[in-house]
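Listed below, chain by chain, are the residues.
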Amino acid sequence: MSDRRRNGFILLLVLGLILASGVAIASKKTILGLDLKGGVELVYQGKPSAQQRTVTGEAIQRTIDVMRKRVDQIGVASAEIQRQGADQISIGLPDVHNLQQAERQVGTPAQLAFYDWEGAGIPCPSHSSAAALLVNQPGNQAANTFSEGAGNASTGLSLYQAAKCAATQKAGPGAHLRLTPEYFLFYKKTHNPVPNGIFLTSKSDFASLKPSQQPPNTELVTVPVGITVLQAQDQSGKANVPQTNFAARFFVLRDNVAVFGRDITNPQQGFDSNQVGSPPDVEFKFTGKGKTEFHSVTRAISQRGKLVKAFQGLTDDQALQHFAVALDRQLISVATIDYRNLPDGIDGTNGAIITGNFTISSAQDLANLIKLGALPIGLKLISSSQVSATLGKQALHQGLIAGAAGLALVMLFLLLYYRVLGLIATGALIVYGVYFFALIKLVPITLTLPGIAGLILTIGVAADANIVIFERVKEEVRAGRSIGAAIAAGYKKGLSAIIDANVVTIMTAFILFILATSDVKGFAFTLGIGTIVSLFTAVLATQAILGTMGRSKLIHTRSALGVREKQRSWHFDFMGASKYFFSMSGVILLVGALAIGGRGLHFGIDFESGTRITTALSKPASEAQVRAVMSSVGVADAKIQKLSNKRLGNTAFQISSKTLQPPQVTKIQNALNARFGVPSTKFQSQSVGPTFGKTVANAAVVAIIASLLVISAYIALRFEWKYAVPVLIALMHDLLITSGVYSLTGRQVTTSTVAALLTILGYSLYDTIIVFDRVRENVPRMPRAAFSQIVNRSMSEVLTRSMATTFCTLLPVVALLFFGGSTLKDFAFALMIGVASGAYSSIFIASPVLTHWKERESVYKARHERLATESPDGLVPAYAPVGADAEPVRKAKASRGRITAPDDQEISRSEFEALKETLDVDEPKKVPRA
């Protein structure tokens with residue numbers, strides 16, 4: 001196929017894809033993430049349960065299936081439930097604004113258990129037994145009905161009393177709901193539970209309250225396996241939340257479950273016909289096994305009541321025995337089993353009914369939880385966030401403005417610097433934007449705030465590819481080639497550097513996507529897809545356009561391509577001045593190291609764990625007033641910061657504290673609303689537990705190490721292994737400088753910072769590859785030059801190109817810094833420091849390190865000594881004289897498959913071909929075999 005036909009075919013393909021993209025954009029809906037749309041995100045970690053002893057991939061998937069059914073049942077559209085890592089599940093619920101309700105509906109284990117109340121009751125110091133608590137308590141005696149009579153908050157123990165009592169017990173045989181001990185944390189003086197220390201699942205959980213040690217003046221109480229602490233209901237029928245209500249009452253039982261929820265079928269909300277007004281209830285049937293077990297235990301309870309009456313001399317009512325129903329620690333109801341009416345217990349043929357102070361909604365919720373089944377594994381909430389729709393729209397607006405500003409700046413630079421070539425590159429960027437937006441809708445990609453950052457960043461990627469090629473085209477024009485020939489040669493020679501640089505970016509994005517957390521995955525995916533699309537638009541599309549226009553008057557002159565008569569000369573001894581560059585970098589790194597050692601890094605809640613609340617207040621308030629409200633709800637150590645945010649209003653605050661559970665966040669919201677008024681559309685919270693923070697930190701370290709290894713392997717394969725070591729040194733140099741700047745400025749290190757650091761690896765390498773690619777090209781062209789001379793010549797040839805690509809990359813980053821929201825600004829700050837440092841290290845660190853290492857090789861050592869001997873002052877000149885290598889190559893001889901110059905230096909066939917093309921020499925004369 002001729003070049004003209006090939007270019008025409010590519011242009012037709014480009015136009016066809018533009019039309020198809022337009023159809024996709026018009027017909028498909030853009031899916032916005034929670035941070036742009038508003039909603040709730042929960043992240044759970046799987047834990048072993050009595051039913052599932054190990055957390056396997058299959059168990060995680062079954063848990064996800066149950067969660068998805070629950071979400072569908074409550075009518076949440078476009079919910080995202082996905083596995084994250086080995087044992088984590090991420091749930092995104094768009095347009096859901098009640099964090100506590102979302103956690104209750106989706107993450108509740110829904111372990112329904114039936115207990116023989118008196119048989120499982122444990123005597124405690126302040127009460128004779130659980131059975132004694134039920135004496136004279138009202139109870140419904142219907143044959144198949146469990147009612148909320150006994151076990152309410154008017155009796156029972158405090159949590160401290162119950163935990164201390166339970167800690168002294170030993171478990172007996174039977175079916176248990178827990179596999180591990182349970183831990184409770186209390187203040188020693190008040191015996192009130194530490195808000196974060198209730199129902200701990202492992203002994204290490206309380207460490208998050210204070211690093212590396214138990215909080216002072218607290219007491220840790222351990223409840224062994226087989227003993228359970230059940231929480232009673234208050235008089236309204238709603239379970240108290242122990243984290244926020246110290247007056248809740250508790251009961252201690254042996255965890256010997258008589259009937260499990262899995263033995264129930266067909267649960268549904270109904271109405272209690274035995275009470276006036278027909279309050280709601282939950283009705284259900286039993287499986288065959290459940291019916292047998294239910295009949296067996298109720299018969300034993302009934303017969304025990306008859307024996308108690310006969311041998312203890314109690315009245316009929318005092319001798320009545322009970323059967324309890326509990327759901328996930330919450331005591332739902334306690335039914336009376338009357339031995340006079342039910343001498344053989346309840347056979348379960350007609351099923352049973354759970355009554356209580358239900359509302360229709362709460363009865364439906366319970367029926368749905370039972371119907372969908374319990375989760376096969378235990379779940380621990382390790383991260384939760386709530387984003388209001390208003391703040392989501394604000395973030396989207398800021399992201400779009402940053403993207404538009406970045407695109408405009410890059411286009412302006414290309415037009416001013418490259419003229420007609422810049423106009424073509426601008427058109428390619430617009431085409432790239434259309435393609436990418438269509439892909440976002442077709443895949444579909446859930447657009448998030450980090451995703452927008454990745455999209456904006458790929459604008460720089462696409463422009464950089466054009467710059468690399470355009471500079472090559474300009475070099476070929478200066479060398480005397482025609483416009484058409486220069487375009488063809490420029491694309492051919494520039495393609496190698498583009499592929500190397502973009503492959504590294506794609507690999508970094510892939511590693512990020514595989515190893516990072518959900519927030520960073522969106523950035524990694526858009527960065528990877530954007531880089532691939534940019535290769536098509538910046539290489540194939542622009543080449544076809546330029547090839548088609550090669551004979552037109554628009555690009556017929558040098559000035560139209562931005563080519564000056566003489567190339568800008570950078571005649572500087574880069575390698576000779578390397579000691580100054582090393583010294584300067586050493587000072588910068590030392591200052592950064594001292595800052596990190598002295599001040600440390602300010603890690604955000606993504607790593608340290610904690611809760612951050614951002615809210616607007618309707619009434620004026622001071623930091624002291626907000627702190628007083630926080631103290632009133634039991635969070636006295638919160639950090640209060642007033643914000644300047646026009647979209648949040650004149651009165652807005654950020655509240656940071658230790659990790660709070662969803663009920664606590666809801667209570668804070670209610671308390672602030674009662675005191676100052678809180679618009680529901682302007683309240684946002686994020687909570688991260690220590691487990692999640694540790695996971696994020698580990699993923700970041702693994703991702704950085706994996707990126708360095710993959711990049712090193714690729715450089716070693718594409719160049720040679722000695723080129724990989726300076727690359728690693730330069731990359732570590734950039735990471736350390738960025739970390740030092742973060743420490744000096746006190747900025748928070750978040751997951752966005754990690755994404756930026758990993759992106760820096762790719763962009764720092766981009767500039768280094770541009771330099772190394774030219775060094776690799778010049779090595780065979782300069783067979784008599786010292787390596788320092790080769791590198792100096794290469795640096796002088798590509799410095800303008802390297803500066804242009806860095807500047808073009810920084811333009812969208814600066815747009816992110818000025819126009820993006822807080823998350824985008826943190827990301828952009830790290831990226832700006834890293835990209836600037838990467839441009840510096842590729843020229844002044846990586847290249848000198850490579851030079852000092854390569855000059856130790858025997859070939860370059862001999863050249864260095866020869867050049868020093870030939871020089872009048874005994875020093876090797878910074879630059880080799882132009883054309884100095886031409887004469888030796890013309891006199892090269894070929895013998896026995898080898899090519900040698902007059903000084904007996906062997907030249908490879910590929911080296912000679914490069915020299916031949918550059919220096920216009922003939923084939924070497926063949927020497928007869930001896």
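Refer to the preceding data block for the structure.
The rules behind these values
Residues numbered from 1 in each chain as written. Predicted model: local features only at pLDDT ≥ 70, side-chain atom pairs only at ≥ 80, totals over all residues. Heavy atoms only, no water. Salt bridge = Lys/Arg side-chain N within 4 Å of Asp/Glu carboxyl O. Helix = DSSP H or I, 4+ residues; strand = E, 2+ residues; numbered from the N terminus. Expected span 1.5 Å × (residues − 1). Buried < 20%, exposed > 50% of the residue type's maximum accessible area, 1.4 Å probe, protein only. Arc of directions from axis to C-beta. Axes fitted to C-alpha atoms, helices over the stretch in contact; angles between N-to-C directions. Parallel < 35°, antiparallel > 145°, perpendicular 65-115°, else oblique. Left-handed = near helix turned anticlockwise from the far one by under 90°. Contact = heavy atoms within 4.5 Å.

Chemist: What is the right way to look at the pattern of salt bridges in this model?
Modeler: Where side chains of opposite charge bring their charged atoms close, a pairing between them can arise. In total, this model carries 17 salt bridges according to the counting rule given. Lys164 serves as the salt-bridge partner of Glu219, at 2.9 Å between the closest nitrogen and oxygen. Of this pair, Glu219 sits in strand E7 (residues 218–223) while Lys164 sits in helix H6 (residues 159–167), placing them 55 residues apart in sequence. Two residues, Arg866 and Glu870, come together in a salt bridge whose shortest N-O distance is 3.5 Å. One end of the pair, Arg866, and the other, Glu870, are both in helix H23 (residues 858–870), four residues apart, so they sit about a helical turn from each other.

Chemist: In this structure, what is going on with helix H14 (residues 578–598)? I would like to understand it.
Modeler: An α-helical turn contains 3.6 residues, so any two residues separated by three or four positions project in the same direction. Its 21 residues give H14 an end-to-end C-alpha distance of 30 Å, which sits within 8% of 30 Å, the value for a rise of 1.5 Å per residue. Every buried residue of H14 is accounted for by Ser578, Phe581, Ser585, Gly592 and Ala595. Taken down its axis, H14 places every buried residue within 120 degrees of arc, on the same side. The exposed residues of H14 that point more than 90 degrees off its buried face are Lys579, Tyr580, Val587, Leu590, Leu594, Gly597 and Gly598. Positive phi shows up at Gly600, right after H14, with a value of about 75 degrees.

Chemist: Where do I start with the packing of helix H16 (residues 623–632) against helix H17 (residues 662–675) in this structure?
Modeler: The description of two helices packed together rests on the angle between their axes and the distance between the axes. Remark: H16 packs on H17, axes separated minimally by 10 Å, with the N-to-C direction vectors making an angle of 130 degrees. With respect to H17, the axis of H16 lies oblique. Here H16 and H17 pass one another in a crossing that is right-handed. Of the residues in H17, those in contact with Gln625, Val626, Val629 and Met630 of H16 are Ile668, Ala671, Leu672 and Arg675.

Chemist: Honestly, the environment of Leu409 in this entry has me stumped. Any pointers?
Modeler: Turning to its location among the elements, Leu409 is positioned in helix H9 (residues 389–418). A C-alpha to C-alpha distance of 7.3 Å links Leu409 and Pro812, two positions 403 residues apart in sequence.

Chemist: I tried to follow unusual backbone geometry on my own but got confused; where do I start?
Modeler: In most cases, non-glycine residues show a negative phi, while peptide bonds are predominantly trans. In the Ramachandran plot, His191 falls in the positive-phi region, its phi being about 65 degrees despite a non-glycine side chain. Turning to its location among the elements, His191 is positioned in the loop between strand E6 (182–187) and E7. A relative accessible area of 33% means that His191 is categorised as partly exposed. Residue Asn266 is not a glycine yet carries a positive backbone phi of 50 degrees. Positionally, Asn266 belongs in strand E11 (residues 264–271).

Chemist: Just checking my understanding: could you explain the environment of Ala638 for this structure?
Modeler: Within the secondary structure, Ala638 sits in the loop between H16 and strand E19 (639–642). With 19 residues separating them along the chain, Ala638 and Ser657 place their C-alpha atoms 4.5 Å apart. When near neighbours in sequence (up to four residues on either side) are disregarded, Ala638 contacts Arg627, Met630, Ile655, Ser656 and Ser657.

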